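Okay, here's what each chain looks like letter by letter:
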Amino acid sequence: MNKKIALIFGITGQDGSYLAELLLNKKYKVYGVKRRTSLIHTTRIDHIYEDFHLKPNLILKYGDVTDFSNVFNLIDQIRPDEIYNLAAQSNVGVSFELAEYTAQTDSIGTLRILEAIRIIDKKRKMKFYQASTSEIFGNSPDKPYNEKSKFEPVSPYGTAKLYSYWITKNYREAYSMFTSNGILFNHESPRRGENFISRKTIIGLIKVLKGKQKCLYLGNLYSKRDWGHAKEFVEAQWKILQNKKPDDFVIATGKNYSVKDLVNLVLKKLQIKSKWKKNKDGLEYVVATENKQSIKKSQVIVKQEKIYFRPNEVHNLKGNYSKAKKILKWKPKINFDKLISEMVESDLKLIK
Ligand code: NAP
Ligand code: F7E
């Protein structure tokens, strides 16, 4: 039997790297789209790419979802069985500053891929996965959210991703295409981008401990997120495309924690004794209560800073993954504590 061929837009990202590993283990031939950058940034996939000349099962192509002719030519030449669209400007905070670019990539980028498939794949054999997100629920009521919950995004990112959710569903219904959405809640790993809260907190506090940074500056401490492990979540992405019919699935852990819980857990894992205080403007900070490595007793090691607050915020996200459990036989195994332990251990090795 011929190998299955997968095409991943966003292979250089957190999820793209885990998904590429998973598909290679399942003996797929994997094509990945990387952007042209002034410095090479394939660090998340270098470990699976290094033996390319011996086993050419992973092939990287230059591309960008803002360029239709590029997207069209890639799909036309590769003729993949499965296409995973993980490409996005994925930072919610940044989307307020790059609203138009976020729409070009996260909305119209998806449309470009769908249009290319619609035109090229007349026999409707290709399967398409869209990386949708819990951000499309915004602050809508009735938690925990499931596939039937109301969508009320509150950021340019969430709004752009809602367009992609609907256009993926529209193309399924209008053109009988196999197009599915995975509505994924937050998922982290040692490969998480360094400006998302989990990795930023862990790297920041390790640097404070080692005297490479005096203090970690954060924004809103009271938003809650449903945090899972990226490695498990990409398995759900693959399962969604193996389902008999195209459909939409919530992927989550069903448990949530606040940003403050996260900071406290990282402080505990690093054995930094400290206490929370509040200044006259109501901003909170953390003071060390004993000397530890480079930290001095009474040093302010975490501080809320206004620039890290967003113009609008999603306050409380929690998902109900019952449909995925029933139909895909998927469920998360790694809890929040284990996830953060793995990330802390990994960054302790990286930051010498
Ligand atoms: P990530 O680490 O930020 O990776 C995003 C990927 O998209 C990177 O490979 C990036 O390339 C690529 N990309 C960005 N703009 C592009 C463009 N214009 N053309 C082609 N590629 C482009 O994100 P992630 O955490 O792996 O998430 C994967 C997907 O799931 C994203 O669509 C994200 O919005 C969505 N999602 C993530 C979460 C989560 O909690 N992680 C939850 C729900 C949904 P560079 O490496 O060159 O930047
Ligand atoms: O923020 C608060 C921030 O940037 C989490 C993306 O993968 O998940 C992710 O989006 C919370 C927010 O993730 C800082 O205000 C406080 O309430 O880690 P984050 P996110 O915005 O939830 C969804 C599902 C996606 O789809 C996205 O692609 O933490 N927060 N202080 C901070 N956040 C950051 N980044 N930096 C701070 O200093």
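Scroll up to find the structure.
Only a predicted model underlies this, so the values are computations on that prediction, with no experimental measurement involved. (Residues numbered from 1 in each chain as written. Chains lettered and ligands numbered in written order. Predicted model: local features only at pLDDT ≥ 70, side-chain atom pairs only at ≥ 80, totals over all residues. Heavy atoms only, no water.)

Caption draft 1: Region of the structure containing the site of ligand 1. In the vicinity of ligand 1 there are 25 residues, among which Thr12, Arg35, His41, Ser90 and Tyr157 approach most closely. Between ligand 1 and Gly10 there is a distance of 3.3 Å, counted from an oxygen atom to a backbone nitrogen or oxygen. Between ligand 1 and the protein, one listed contact pairs a nitrogen atom with a backbone N or O atom of Val65 at 3.0 Å. Of all the secondary structure elements, the ones that give two or more residues to the shell around ligand 1 are α1 (14-25), α5 (99-120), β5 (127-133) and α6 (156-175). In terms of residue count, the dominant contributor to the shell around ligand 1 is β5 (three residues). (Near = heavy atom within 4 Å. Polar contact = N/O pair within 3.5 Å; in protein donor to acceptor, adjacent residues only side chain to side chain. Helix = DSSP H or I, 4+ residues; strand = E, 2+ residues; numbered from the N terminus.)

Caption draft 2: Focus on the packing of aromatic side chains. The full count for this structure, using the stated rule, is 13 aromatic pairs. With 5.5 Å between their ring centres and 90° between their planes, Phe233 and Trp330 make a pair best called edge-to-face. In this pair, Phe233 is assigned in helix α8 (residues 230-242) and Trp330 in the loop between α10 (322-328) and α11 (336-350), connecting sequence segments 97 residues apart. We note that Phe233, like Trp330, is buried. (Phe/Tyr/Trp six-rings, centres within 6.5 Å; stacked < 30°, edge-to-face > 60°. Buried < 20%, exposed > 50% of the residue type's maximum accessible area, 1.4 Å probe, protein only.)

Caption draft 3: Examining the side chain of Lys127 more closely. Residue position: Lys127 is located in strand β5. It is Glu82 that comes nearest to the buried, bridge-free Lys127 among opposite-charge side chains, at 5.2 Å. In terms of polar contacts, Lys127 uses its side chain to reach the backbone carbonyl oxygen of Leu241, at 2.9 Å. Here Lys127 is in contact with Asp81, Glu82, Ile83, Phe178, Leu241, Gln242 and Asn243, once residues within four sequence places are set aside. (Lys, Arg positive; Asp, Glu negative; His and termini not counted. Salt bridge = Lys/Arg side-chain N within 4 Å of Asp/Glu carboxyl O. Contact = heavy atoms within 4.5 Å.)

Caption draft 4: Seen up close, the site of ligand 2. Among the 22 residues in the neighbourhood of ligand 2, the closest are listed as Ser90, Tyr157, Ser223, Arg310 and Glu313. The contact in question runs from an oxygen atom of ligand 2 to an N or O atom on the side chain of Thr133, over 2.7 Å. At 2.8 Å from an oxygen atom of ligand 2 is found a side-chain nitrogen or oxygen belonging to Lys200. Contact with the protein chains hides 95% of the accessible area of ligand 2, taken as 710 Å² for the molecule alone. (Areas by Shrake-Rupley, 256 points an atom, 1.4 Å probe, with all protein chains shown as cover.)

Caption draft 5: Spotlight on the packing of α5 against α6. In contact at an axis separation of 8 Å, α5 and α6 are set at 10° when each is read in the N-to-C sense. With respect to their mutual orientation, α5 and α6 come out roughly parallel. Crossing angle aside, the handedness with which α5 passes α6 is right-handed. Contacts from Ala99, Thr102, Ala103, Asp106, Ser107, Ile108, Thr110, Leu111, Leu114, Glu115 and Arg118 of α5 reach α6 at Pro156, Tyr157, Ala160, Lys161, Tyr163, Ser164, Ile167, Thr168, Tyr171 and Tyr175. A breakdown of the residues in the contact of α5 with α6 according to their chemical character gives twelve nonpolar, five polar and four charged. (Axes fitted to C-alpha atoms, helices over the stretch in contact; angles between N-to-C directions. Parallel < 35°, antiparallel > 145°, perpendicular 65-115°, else oblique. Left-handed = near helix turned anticlockwise from the far one by under 90°. Nonpolar A, V, L, I, M, F, W, Y, C, P; charged D, E, K, R; others polar.)

Caption draft 6: Inspection of the sheet that holds strand β2 (residues 29-34) at higher detail. Spatially, the seven strands line up as an open sheet ordered β3-β2-β1-β4-β5-β6-β11, and their pairing is parallel. In this open sheet, the two strands that pair with only one neighbour each are β3 (58-62) and β11 (248-251). Going across the sheet, the axis of each strand differs from the next one's by a mean of 20°, ignoring polarity. Bridge count between strand β6 (residues 178-184) and β11: four bridges; the pairing is parallel. Residue pairing across strands places Ile183 opposite Val250, the latter belonging to β11. Relative to the sheet, helix α3 (residues 68-78) contacts β1 (5-9), β2, β3 and β4 (82-85), its axis offset from that of β1 by approximately 165°. Taken strand by strand, α6 contacts β5, β6 and β11, and its axis lies near 150° from that of β6. (Pairing = 2+ DSSP bridges.)

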